[in-house]
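If you want the building blocks of each chain, they are given just below.
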Amino acid sequence: MASYVLCIYFYTQQIQFVEDKQEFSRFPTKTGRRSLSRSISQSSTDSYSSAASGTDSSDDETSPRDKTQVNVKGSSDFCVKNIKQAEFGRREIEIAEQDMSALISLRKRAQSEKPLAGAKIVGCTHITAQTAVLIETLVALGAQCRWTACNIYSTQNEVAAALAESGVAVFAWKGESEDDFWWCIDHCVNTEGWQPNMILDDGGDLTHWMYKKYPNVFKKIRGIVEESVTGVHRLYQLSKAGKLCVPAMNVNDSVTKQKFDNLYCCRESILDGLKRTTDVMFGGKQVVVCGYGEVGKGCCAALKALGAIVYITEIDPICALQACMDGFRVVKLCEIIRHVDDKLSMNCVQASLRTPELTWERVRSQVDHVIWPDGKRVILLAEGRLLNLSCSTVPTFVLSITATTQALALIELYNAPEGRYKQDVYLLPKKMDEYVASLHLATFDAHLTELSDEQAKYLGLNKNGPFKPNYYRYTHFNYYLLIIN
């Protein structure tokens, strides 16, 4: 029986902080950027949204960097695929707002106080309708924002256009090349007459770029908010080396991020991304999920519900035991790979498939065959990048939780009195974590039971919270490979 392998991942552990200045030798020049192109077909740069599907097809293949575009305010301080898509993007943002009631509630409560007045926030996140709601909330609270994308595939072009039309300086489009990516980050940071004082990052690339290329600007930053495993690890490395000169908030390890974004979001988006890109029927398929952290739990629950036979590989005995108790079989990766008669490693999925002896064959947008000389092949989605944001849409409600957490973290760092936060990495205060959760309860018409004074005294708690100690969190490096036989 012939077998094939399908490879994806959601959150990849990248723990090496690059000190070598050659990291930035790839900074683009106008003449050099074409040679670094990922040779992405036109279809791979199309948005998956229904709104953009009718507009992207009419775009030519001219790089946004070579276009001159102006918004209704007469500004050209942005670089997006097509500013004419703004109307479609505005509709998508309005739809997202309907399922992000907690963030909208925060916007309405704090708008008159302008807690971010004077804040100049430079952001590097996924640019989707949901993050657009966050960006516009920050603007409503008094901040000036400049934004770029943390992923070359996840940008919704029409949403980027809508933000640019509203006056936000956005530098991003779906299907950027590697040098486009760094060009966008640099133009987001380096502009005349504007200097950032806050950073909102996802992955640490923006922080790393500023730290290396603009150290004097970096030293004047008042706070960093980071939401990814990669970025947080980089910050801890800087802190340990005594090189972190600004306070940073670790949003990634907040309970609301780990428990809701990672678990419930991936439980839904895993199937969306796989079905859109492969049309595979999962009933009876043998699937291996590497890692049983919060992301792994969500993926496994979804795949099991479709009738897939799910195996788990783990390095952590606690997570491995949880997988066993949830009815999954825990196996060694090398054994399961041998079982499907394919020699494949995690490094291949992340980095080592661009080699001369391997042939890449485009199947469709964000789906490639990678073929070995002996004829064996894998199906690689999004070139090994995040599946759920590159190949699917993500549940708005769950992203609302993370976005609200990010907004509160920015407000906290920006308004904190001198001395509260030193040059180190901090976890989100549990009181704030619980506040984010409480804002979302109204959506379900849920009502909390209040402790009596006697109960609170017995438990040693403040009856208004926080109800968990600061060390209470869910952490697990999430990196996932699915092999379907």
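- Going by the annotation in an unreviewed UniProt entry, the name recorded for the chain is Adenosylhomocysteinase like 1, with Neogobius melanostomus given as the source organism.
- Taken verbatim from the UniProt record of the chain, the Sequence similarities (unreviewed entry) comment is "Belongs to the adenosylhomocysteinase family."

## Re the overall build of the chain
Stage number 1. Of regular secondary structure, the chain possesses 18 helices and 14 strands.
Stage number 2. Within the span of the chain, comprising 485 residues, buried residues form 56% of the whole.
Stage number 3. Once local pairs closer than 6 in sequence are excluded, the contacts in the chain between residues at least 24 apart make up 74%.
Stage number 4. Total accessible area on the chain stands at roughly 21,500 Å², and carbon and sulfur atoms take up 51% of it.

## Describing the sheet that holds strand E10 (residues 329-330)
Stage number 1. Pairing in this open sheet of three strands is parallel, and the strands run E8-E9-E10 from one edge to the other. The two strands at the open ends of the sheet, each matched to only one other strand, are strand E8 (286-290) and E10.
Stage number 2. Bridge analysis of strand E9 (residues 309-313) against E10 gives two bridges, and the strand direction is parallel. By the bridge assignment, Tyr311 is partnered in E10 with Arg329.

## What to know about helix H16 (residues 396-415)
Stage number 1. Under the 1.5 Å per step criterion, the end-to-end length of H16 is 28 Å for 20 residues, consistent within 8% with the ideal 28 Å.
Stage number 2. Counted residue by residue, H16 has 19 buried out of 20 residues, so it is predominantly covered.

## What to know about unusual backbone geometry
Stage number 1. In this structure, the amide linkage connecting Gly465 to the following residue, Pro466, adopts the cis form with an omega of 0°.
Stage number 2. By the element assignment, Pro466 lies in the segment after helix H18 (453-459).
Stage number 3. One non-glycine residue with positive phi stands out, namely Lys114, at about 50°.
Stage number 4. Within the secondary structure layout, Lys114 lies in the loop between helix H3 (101-110) and strand E2 (120-125).
Stage number 5. With phi around 55°, Asp445 is a residue other than glycine that occupies positive phi space.
Stage number 6. By secondary structure assignment, the location of Asp445 is in the loop between helix H17 (430-441) and H18.

## Section: the sheet that holds strand E7 (residues 248-250)
Two modes of strand pairing occur in sheets, parallel and antiparallel, and in both the strands are linked by backbone hydrogen bonds.
Stage number 1. The parallel open sheet is built from seven strands, whose spatial order is E4-E3-E2-E5-E6-E7-E14. At either end of the open sheet lies a strand with only one pairing partner, and these are strand E4 (169-171) and strand E14 (425-427). Between one strand and the next, the sheet's axes are offset by a mean angle of 20°, whatever the strand orientation.
Stage number 2. Sheet analysis places strand E5 (residues 198-201) next to strand E6 (residues 223-226), joined by four bridges and oriented parallel. Residue pairing across strands places Ile199 opposite Ile224, the latter belonging to E6.

## Some words on the pattern of salt bridges
Stage number 1. This model, assessed by the stated rule, comprises nine salt bridges.
Stage number 2. Two residues, Arg91 and Glu87, come together in a salt bridge whose shortest N-O distance is 2.7 Å. Residue Arg91 and its partner Glu87 are both found in helix H2 (residues 86-98); the two are separated by four residues, about one turn of the helix.
Stage number 3. Of the residues examined, Arg91 reaches a relative accessible area of 43% and is grouped as partly exposed.
Stage number 4. With a shortest N-O distance of 3.3 Å, Arg234 and Asp205 are connected by a salt bridge.

What counts, and at which threshold
- Counting starts from 1 at the beginning of each chain's written sequence and moves along it residue by residue.
- pLDDT decides what is reported in this predicted model: residues at 70 or higher carry local features, side-chain atom pairs at 80 or more are listed and counted, and totals for whole chains, interfaces and linings draw on all residues regardless.
- Processing note: side-chain calculations cover all non-hydrogen atoms of the structure and skip hydrogens and water entirely.
- UniProt positions are given in the numbering used here, feature names are shortened, and annotations may be inferred rather than shown by experiment.
- The way it works is that DSSP assigns letters per residue, a run of H or I at least four long becomes a helix, a run of E at least two long becomes a strand, and they are numbered from the N terminus.
- Only protein chains enter the accessibility calculation, which uses a 1.4 Å probe. A residue is then buried if its area is under 20% of the maximum for its type, exposed if over 50%, and partly exposed in between.
- The contact criterion used is simple: two residues touch if any of their non-hydrogen atoms lie within 4.5 Å.
- The method behind every accessible area is Shrake-Rupley, applied with a 1.4 Å probe, and residues are considered shielded solely by the protein chains displayed.
- Pairs of strands are assigned from DSSP output, requiring at least two bridges between the strands.
- To estimate the expected span of a helix, subtract one from its residue number and multiply by 1.5 Å.
- Axes here refer to lines fitted to C-alpha atoms; in helices the fit is confined to the stretch in contact. Angles between the N-to-C directions go from 0 to 180 degrees.
- One speaks of a salt bridge when a side-chain nitrogen belonging to Lys or Arg is within 4 Å of a carboxyl oxygen belonging to Asp or Glu.

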